[in-house]
Amino acid sequence: MTDGSDAAGPLAGVIVLDLSRILAGPTCTQLLGDLGATVIKIENPASAGDDTRQWGPPFAAGCDGAPTDLSSYFMSANRNKLSIVLDIATPEGQATVKRIAARADIFIENFKPGGLLKYGLDHESVLTAHPGLIYCSISGFGQTGPNRDKPGYDLMAQGYGGIMSLTGEVDGAPMKVGVGIADVMCGMYATTGILASLRHRDRTGQGQHIDLSLVDSQVAWLINEGVAHLTTGGPRPRRGNQHPTIVPYQTFTTSDGHVLVAVGNDSQFQRFCSFLGRDDLARDADFATNPMRVKNRDRLIPVLEGELSRRASEEVVTGLEALKVPVGPVHTVEQVFASDQVAARGMRIDMAREDIDRSGVELIGNPLNLSKTPCTYRHPPPRFGEHSERILRWLDSDDALP
């Protein structure tokens, strides 16, 4: 079933019932919202809404200068959503969620496995009542397996799923990625599964249950390192900023900072050596091919480090770009959002909110550029329960959700 609201984007008219919070589920539902879906975010009054509303500072300031419930963390994954306050522990709250489910296309939740059964909102109950619904469950370890009842947070998924063992300095401690990447990637997999399920539903009329876990997603994106272990049976060492199977492909220290050099083939290596005035390295059989460079990295890298440490970053970047050798800077977050590239690609956006200082908030844009059905930014991140009355009125009518 679809609805005529938000008639912009490829998912215009699709209604999403969002019982998720924190990051994995909200990442998914924000993307669906950017693509035109109407997302109804259910927020718990006992916790004053999504946990991340309190994950700060920083918080967006109100017109009086005081912090609001719009933390930067919450805003990063909750635009294009309508917020309604419902206590699903009460019969009234459960009944309202079920009424929304009856008009929805997608139901997404990230409760512990079995956590919604006592409310009659588990996937079996909901899909029995609405067999055309797509019901997506996100949990730490999935609905099956020996760890199904353990809680799941991004940090735990990164640790259990192996990425921390590959991240960090060679002789340092295991290191998590700087953002909640296990959550974000899980949200991306959820989006893919939901879109595939929509395609199936539109062809057959059948909904289905999607069982997705943070840890499964994390294991899946071990990609080349995971398959290298499966191929050899051996451990995969931590290499800092070096690449396990391409050399040189890493950060180098210059006389005034750092640069990234990513030599992807032998002809690029020859040009790289020419820039350094070290054509002898390219002629050396121990370094002439990538497999030999990988084998002899411990001899080659110190030589390259010595050559680059005497040159300024700008000299290296300019010189290698002229030779079409992949090279680049290591930006701070501040430099990223000040760059002309980010501006040109629309990756920094403004969304108006009259109740916020400066009358709006700045957010990160959606990277999808669709030529016929572009992403839209219709609703700024909502205040807690901002749309409760609007949604309840909609449930009592046959109209599209305004």
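Only a predicted model underlies this, so the values are computations on that prediction, with no experimental measurement involved. Position numbers for residues start from 1 in each chain and track the written sequence from start to end. Note on the predicted model: pLDDT of at least 70 is required for a residue's local features to be given, and 80 or more for side-chain atom pairs to be given and counted; whole-chain, interface and lining totals, by contrast, use all residues. Side-chain metrics in this entry use all non-hydrogen atoms of the structure; hydrogen atoms and water are not considered.

Asks: How would you explain the environment of Pro244 if you had to name every residue and give the values?
Replies: Summarising the element assignment, Pro244 is placed in the loop between α9 (223–232) and β9 (249–253). Between the alpha carbons of Pro244 and Val294 there is a distance of 7.9 Å; along the sequence they are 50 residues apart. Note on contacts: a residue pair is in contact if any heavy atoms of the two residues lie within 4.5 Å. Residues within four places of Pro244 in sequence aside, it is in contact with Asn224, Glu225, Arg236, Arg239, Val294 and Arg297. Counting from the N terminus, the helices are the DSSP runs of H or I reaching at least four residues and the strands are the DSSP runs of E reaching at least two.

Asks: Hey, could you go over the nonpolar core for me, with residue numbers and the actual values?
Replies: Within soluble globular proteins, side chains that are nonpolar tend to cluster in buried spots. Nonpolar cores were defined as sets of buried Ala, Val, Leu, Ile, Met, Phe, Trp, Tyr and Cys residues, with membership established by side-chain atoms within 4.5 Å. When accessible area is computed with a 1.4 Å probe and restricted to protein chains, residues below 20% of their type maximum are described as buried, those above 50% as exposed, and intermediate ones as partly exposed. Counting 27 residues, the largest nonpolar core has Val16, Leu32, Ile106, Ile138 and Ile194 as the members making the most contacts within it. Residue assignment for this core shows that the elements contributing at least two residues are α1 (24–34), β6 (106–109), β7 (134–139), α7 (181–204), β8 (208–213) and α8 (214–220). With five residues, the top contributor of residues to this core is α7. Ile42, Ile100, Leu121 and Leu133 belong to the second largest nonpolar core, which has 26 residues in total.

Asks: Please set out the pattern of salt bridges residue by residue, giving values where relevant.
Replies: Counted as salt bridges are all cases of a side-chain nitrogen of Lys or Arg within 4 Å of a carboxyl oxygen of Asp or Glu. Enumeration according to the criterion identifies 23 salt bridges in this entry. With a shortest N-O distance of 2.9 Å, Lys41 and Asp50 are connected by a salt bridge. This pair shows no difference in class: Lys41 is buried, exactly as Asp50 is. Arg353 serves as the salt-bridge partner of Asp355, at 2.8 Å between the closest nitrogen and oxygen. Salt bridges linked by common partners bring Glu43, Arg53, Asp69, Arg353, Asp355, Arg383 and Glu386 together as one network.

Asks: Break down a nonpolar patch on the surface for me, citing the residues and quoting the values.
Replies: Side chains of Trp55, Tyr153, Leu155 and Met156 sit close together on the surface and give an oily, nonpolar patch of about 410 Å² of accessible area. Mapped onto the elements of the fold, Trp55 is located in the loop between β2 (38–43) and β3 (59–61). Like-charged residues within 9 Å of one another, or nonpolar side chains (Val, Leu, Ile, Met, Phe, Trp, Tyr) within 5 Å, are grouped into patches, provided each residue has over 30% relative accessible area and no salt bridge. Shrake-Rupley sampling with a 1.4 Å probe provides the accessible areas, and residues are treated as covered by the protein chains on show and by no other component.

Asks: Mind laying out the packing of aromatic side chains, listing which residues take part and the relevant values?
Replies: When two rings of Phe, Tyr or Trp (its six-membered ring) have centres within 6.5 Å they constitute a pair, described as stacked for plane angles under 30 degrees, edge-to-face for angles over 60, and tilted for the intermediate range. Scanning all chains against the criterion turns up three aromatic pairs. Look at Trp55 and Tyr73: their rings are 5.0 Å apart centre to centre, the planes differ by 85°, and that puts the pair in the edge-to-face class. Separated by 18 residues along the polypeptide, Trp55 in the loop between β2 and β3 and Tyr73 in helix α2 (residues 72–75) bring together distant segments of the chain. Taking the relative accessible area as the measure of exposure, Tyr73 reaches 28% and is therefore partly exposed. Two conditions define a charge located above a ring, namely a distance within 6 Å from the ring centre to NZ of Lys or CZ of Arg, and an angle within 35 degrees of the ring normal. The side chain of Arg21 reaches across the aromatic face of Phe111, ending 4.4 Å from its centre. The ring of Phe275 carries Arg311 above its face, with NZ or CZ at 5.6 Å from the centroid.

Asks: Account for the sheet that holds strand β11 (residues 327–329), with residues named and values stated.
Replies: Taken in spatial order, the three strands line up as β9-β10-β11 in an open sheet, and their pairing is antiparallel. Only two strands of the sheet have a single partner each, and these edge strands are β9 and β11. Taken pair by pair, the neighbouring strands of this sheet meet at an average axis angle of 25°, ignoring direction. Where β9 and strand β10 (residues 258–262) come together, five bridges link them in antiparallel fashion. If you follow Phe252 over to β10, its bridge partner there is Val259. At least two DSSP bridges between two strands are required for those strands to pair. Helix axes are fitted to C-alpha atoms over the stretch in contact, other axes to C-alpha atoms as well, and angles between N-to-C directions run from 0 to 180 degrees.

Asks: Residue-level account of helix α14 (residues 313–322), with values.
Replies: Regarding α14, the residues found buried are Ser313, Val316, Val317, Gly319 and Leu320. The secondary structure elements touched by the buried residues of α14 are β10, α10 (266–276), α13 (297–308) and β11. Downstream of α14 by a residue or two, Lys324 has a phi angle that is positive, lying close to 60°.

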